[in-house]
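# Architecture and fold: a report
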Amino acid sequence: MKFTRQASANWKGTGMEGVGTVSTQSTTLDKAQLSFKTRFADGVGTNPEELIGAAHAGCFSMQFSFILNESGFTAENIDTNAKVVFEDGTITNIHLDLTATIPNITDEQFQTAALAAKAKCPISRLFNAEITLTATLV
């Protein structure tokens, strides 16, 4: 399967005083505010790091579900939180924190599936950063 998705950004002004927007093809984001404050302080709007975190958490959760299904399991619930660490101009770490409810799965099967999802997730494979994982079966 091959497909292409698009997103766009617009920026006006300097890096610190300028303002921008980001939009997605699906229009889920439609000119969402982007600025120095939304990235490096507590401004209203979004920033690249939280968008990367959302993309990674969503991709990993879906990949985990596929791997579970291939092993004969169906999750009742999968929650993934991605913590993206930006340090000295580089994303140095992304920590995935997975909590899931999956009937009839052992912890060993759960951990194996979680690690496989981390390795196979297309977003995980995209980054040149350490990607760590904590997985909790409930």
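Residues numbered from 1 in each chain as written. Predicted model: local features only at pLDDT ≥ 70, side-chain atom pairs only at ≥ 80, totals over all residues. Heavy atoms only, no water.

Its volume calculated, the largest pocket comes out at about 160 Å³. Looking at the largest pocket, the residues that line it are Pro48, Leu51, Ile52, Ala54, Ala55, Ile123 and Phe127. (1 Å grid on protein atoms, 1.4 Å probe; cavity = no way out; pocket = protein on both sides within 12 Å on 5 of 7 lines; lining within 4 Å. Points joined across faces, edges and corners; volume = space filled by probe spheres on them.)

In the predicted model, the protein chain carries a mean pLDDT of 94, and the fraction of residues at 70 or more is 100%. Per-element confidence in the protein chain is highest for helix H3 (residues 107-120), whose mean pLDDT is 97, and lowest for strand S6 (residues 130-137), whose mean pLDDT is 90. (pLDDT = per-residue confidence, 0-100. Helix = DSSP H or I, 4+ residues; strand = E, 2+ residues; numbered from the N terminus.)

This part is about H3. For H3, which comprises 14 residues, the first-to-last C-alpha distance of 20 Å matches the rise-based estimate of 20 Å (1.5 Å per residue) to within 8%. Burial in H3 covers these residues: Phe110, Ala113, Ala114 and Ala117. Relative to the axis of H3, the buried residues are bounded by an arc of 100° and lie together on one face. Turned more than 90 degrees off the buried face of H3, the exposed positions are Glu108, Thr112, Leu115 and Ala119. Close packing links the buried residues of H3 with helix H2 (48-70), strand S5 (90-101) and S6. (Expected span 1.5 Å × (residues − 1). Buried < 20%, exposed > 50% of the residue type's maximum accessible area, 1.4 Å probe, protein only. Arc of directions from axis to C-beta. Contact = heavy atoms within 4.5 Å.)

What follows deals with the side chain of Thr46. Its place among the elements puts Thr46 in the loop between helix H1 (36-40) and H2. Overall, Thr46 belongs to the buried group, its relative accessible area being 6%. Contacts of Thr46, omitting those with residues within four sequence positions, involve Val22, Ala32, Gln33, Leu34, Thr38 and Leu51.

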